[in-house]
Amino acid sequence: MRKNLFIVFIILIPVYSLLARGKFQLNVGSTISYFVDAENSSPLIGFSVRMQMRVLKYKNSAISTGIGYSTRGALLKHRLIAPYAPFPMKAYYWDIYGRIGYLEMPILLQIKIPVHSKISLNISGGPALILPWKDLSKFKRREFFDMYDLHGSDDSRFDFNFAQESTFGNNLLRFIYEIDIELQYKRYGLKFLYLIDKQKEYYFDSLWEVNHKMNSFSLVFTIKY
């Protein structure tokens, strides 16, 4: 984790320098995330905040980057989780609210399509470097299942297993992919984002890996300063 933080710090230095030189755009809004292939699952709502600016421009196209923080996750309902302890314990069904707070740095190619003298349609896409920063997951215990014994129980009955310590550090620095469509009027805009994450394992609190892919939508308001 320390290595990841060092890499992000080195990357953010030139970004802060760019933001200090000129105008930037502030994006604020909500996220809706879901597991792509999980049964008995529901999306969860989070939020997104980002400072973004153009670094290169040519006619109606540009390359932009920025710094942001977003929360994304999904709900897994009624999952049977085995305790970690080596002595008999009670096993329960749980609802898993798997949510993570991410630091992010997008690198996007933008195309501006003028609609009116004061209105434009902006389309952009590209990779975003994200760092899992904060574990925001929660577990809600449901009904009792049975007494669990590490040496005599069949783990194939269980959807997941609890670990003795947090496994959150197994979430790694990585790239996701982003597609944006923004309707802009003067300084203000409304932007729709679709985030594609190829990650196949997620770690929440003291839970061993959740083997599902997660995608996200965002709807944000933008203002240029």
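Residues numbered from 1 in each chain as written. Predicted model: local features only at pLDDT ≥ 70, side-chain atom pairs only at ≥ 80, totals over all residues. Heavy atoms only, no water.

Quick notes on the overall build of the protein
For the protein, the count of helices and strands is 1 helix and 10 strands. Element order for the protein, N to C, with α for helix and β for strand: α-β-β-β-β-β-β-β-β-β-β. By the burial criterion, 44% of the 225 residues in the protein qualify as buried. If you take every contact in the protein between residues at least 6 apart in sequence, the share linking residues at least 24 apart comes to 71%. Roughly 12,500 Å² of accessible area belongs to the protein as shown, and the carbon and sulfur atoms make up 62% of that amount. (Helix = DSSP H or I, 4+ residues; strand = E, 2+ residues; numbered from the N terminus. Buried < 20%, exposed > 50% of the residue type's maximum accessible area, 1.4 Å probe, protein only. Contact = heavy atoms within 4.5 Å. Areas by Shrake-Rupley, 256 points an atom, 1.4 Å probe, with all protein chains shown as cover.)

Examining the side chain of Asn215
When you line up the elements, Asn215 lands in strand β10 (residues 214–224). For Asn215, a relative accessible area of 9% corresponds to the buried category. Within the structure, the side chain of Asn215 is placed 3.2 Å from the side chain of Tyr194, a separation counted as a polar contact. Of note is the side chain of Asn215, whose polar atom sits 3.3 Å from the backbone nitrogen of Asp197. When residues no more than four places from it in sequence are discounted, the contact partners of Asn215 are Ile32, Ser33, Tyr34, Val36, Tyr194, Leu195, Ile196 and Asp197. (Polar contact = N/O pair within 3.5 Å; in protein donor to acceptor, adjacent residues only side chain to side chain.)

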